[in-house]
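# A look at the structure
Single-letter residue listing:
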Amino acid sequence: AGVPALVQEQNSYAGVTNKLLASKVKKVCVAYENMERFFGDKVILTGNPVREEITQIDGKKEQALKHFGLDNQKRTVLIIGGSLGARTVNNAMEDNFDNIRNRQDIQYLWQCGKLYHEEFQAKQTSQLPNVHLTKFIDRMDLAYAMADVVISRAGATSISELCLVGKSTILVPSPNVAEDHQTKNAMALVEKEAAILVRDAEASEKMILTAQSVLDNPNQQLELSANIKKLGKTNAAEVIAREVLGLVKS
């Protein structure tokens, strides 16, 4: 119809739909570098829009610890599997009962998802004094504020949030997504030494031990935090909106 158009690709690998649309649109807003291989000179690096309040974490650590009822003398691992939860991540927590119990200097805020809450609430890991199980986190700003290490799936929005809050991160990509795009998202960070990848099939073996290892290595923790922070793109929604308005006026 000749109407100027713009699309946004949130992942580090172009999906089929956006590949097809690319020849028809004027601009493609992306969240990762090196996307020219898919979209040519139409690319604008904007980042992904995230809710601003989620990334406003400065000065909130003490408030966060009180909100979740956690110990301010212990280091904290935040485990997030999405609102529905992630079976592999939850199983890895249960499979590491001994590793978690034997390190009482580390505590865990474990968001298991509403699909799995009843099941894992009845299991032994959730009964440990250094584990706080919850099906959903309504104050992600506070969760990020108190986290020393974050374990997360590698969805585009989650990664964008983690880059903005600058937390040492272990990514466990879901293998059950189109074109394995979560692994590609994770590798975009791993290649810049901005995150650690634990593959889904290895989560029970490596996920918790990797988090403990990062906490035991302050230099690595600081390096991961600094490198992921460099990748954060602020004001993505505003930048994309300006590009849209620019097309309207052109």
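Quick note: structure is the one above.
First things first, this report covers the structure right here in the doc.

### What about the pairing of strand S8 (residues 168-171)?
- Here S8 shows a buried face lined by Ser168 and Ile170 and a second buried face lined by Thr169 and Leu171.
- Where strand S7 (residues 149-152) meets S8, 4 bridges bridge the pair, whose relative direction is parallel. What sits directly across from Val149, in S8, is Ser168.
- One ladder, built from 2 bridges, connects S8 with strand S9 (residues 196-197); its direction is parallel. Following the sheet pairing, Leu171 is matched in S9 by Leu197.

### Concerning the packing of helix H8 (residues 156-165) against helix H9 (residues 181-190)
- For the pair H8 and H9, the least separation of the axes is 10 Å and the interaxial angle reads 20 degrees. Judged by the angle between their axes, H8 and H9 are roughly parallel. H8 and H9 meet at a crossing whose hand is right-handed. Mapping the contact onto sequence places Ala156, Ile159 and Cys163 in H8 and Asn185, Ala186 and Leu189 in H9.
- Looking at the contact of H8 with H9 residue by residue, the classes come out as 5 nonpolar, 1 polar and no charged.

### Description of the packing of helix H10 (residues 203-215) against helix H11 (residues 218-229)
- For the pair H10 and H11, the least separation of the axes is 6 Å and the interaxial angle reads 100 degrees. Regarding the angle of H10 to H11, the classification is roughly perpendicular. Contacts between H10 and H11 involve Ser213, Val214 and Leu215 on the former and, on the latter, Pro218, Gln220, Gln221 and Leu224.
- Residue classes in the contact of H10 with H11 are distributed as 4 nonpolar, 3 polar and no charged.

### Examining the pairing of strand S5 (residues 106-111)
- Within S5, 6 of the 6 residues are buried, which leaves the element mostly enclosed by the surrounding structure.
- Alternating residues of S5 divide into Ile106, Tyr108 and Trp110 and Gln107, Leu109 and Gln111, and every residue in both groups is buried.
- Taken together, the 6 bridges between strand S4 (residues 75-80) and S5 define a ladder with parallel strand orientation. Bridging from a neighbouring strand, Ile79 pairs with Trp110 of S5.
- Across 4 bridges, the pairing between S5 and strand S6 (residues 131-134) is parallel. Along S6, the bridge assignment pairs Gln111 with Thr134.

### Details of the packing of aromatic side chains
- One pass over the structure, following the stated rule, counts 4 aromatic pairs.
- Relative to Phe39, the ring of Phe38 has its centre 6.2 Å away and its plane inclined at 55 degrees; by these criteria the two rings are tilted.
- Given a relative accessible area of 22%, Phe38 falls into the partly exposed group.
- You can call Phe39 buried: its relative accessible area is 5%.
- Centre to centre, the rings of Tyr116 and Phe120 are 6.3 Å apart; their planes meet at 70 degrees, and the pair counts as edge-to-face. Phe120 shares its class with Tyr116; the two are buried.
- The side chain of Lys123 reaches across the aromatic face of Phe120, ending 4.8 Å from its centre.
- Against the face of Tyr13 rests Lys184, its NZ or CZ located 4.6 Å from the ring centre.

### Points about the nonpolar core
- Counting residues in hydrophobic clusters, the biggest one holds 41 residues, and the most contacted among them are Leu78, Tyr144 and Leu189.
- Broken down by secondary-structure element, the contributors of at least two residues to this core are strand S2 (27-30), helix H3 (61-68), S4, helix H7 (140-146), H8 and H9.
- Discounting residues that sit within four places of it in the chain, Leu189 has contacts with Tyr32, Ile159, Cys163, Leu171, Ala194, Ala195, Ile228 and Leu231.
- Formed by 30 residues, the second largest nonpolar core is a distinct cluster that contains Ala92, Tyr108, Leu128 and Met207.

### Thoughts on unusual backbone geometry
- With a phi close to 65 degrees, Asn34 is a non-glycine residue in the positive phi region.
- Turning to its location among the elements, Asn34 is positioned in the loop between S2 and helix H2 (36-39).
- The class for Asn34 is exposed, based on a relative accessible area of 54%.
- Here Asp180, not a glycine, exhibits a phi torsion of approximately 50 degrees, which is positive.
- Checked against the element boundaries, Asp180 lands in the loop between S8 and H9.
- Given the relative accessible area of 31%, Asp180 is considered partly exposed.

Conventions we followed
Residues numbered from 1 in each chain as written. Predicted model: local features only at pLDDT ≥ 70, side-chain atom pairs only at ≥ 80, totals over all residues. Heavy atoms only, no water. Buried < 20%, exposed > 50% of the residue type's maximum accessible area, 1.4 Å probe, protein only. Helix = DSSP H or I, 4+ residues; strand = E, 2+ residues; numbered from the N terminus. Pairing = 2+ DSSP bridges. Axes fitted to C-alpha atoms, helices over the stretch in contact; angles between N-to-C directions. Parallel < 35°, antiparallel > 145°, perpendicular 65-115°, else oblique. Left-handed = near helix turned anticlockwise from the far one by under 90°. Contact = heavy atoms within 4.5 Å. Nonpolar A, V, L, I, M, F, W, Y, C, P; charged D, E, K, R; others polar. Phe/Tyr/Trp six-rings, centres within 6.5 Å; stacked < 30°, edge-to-face > 60°. Lys NZ or Arg CZ within 6 Å of the ring centre and 35° of its normal. Core = buried A, V, L, I, M, F, W, Y, C linked by side-chain atoms within 4.5 Å.

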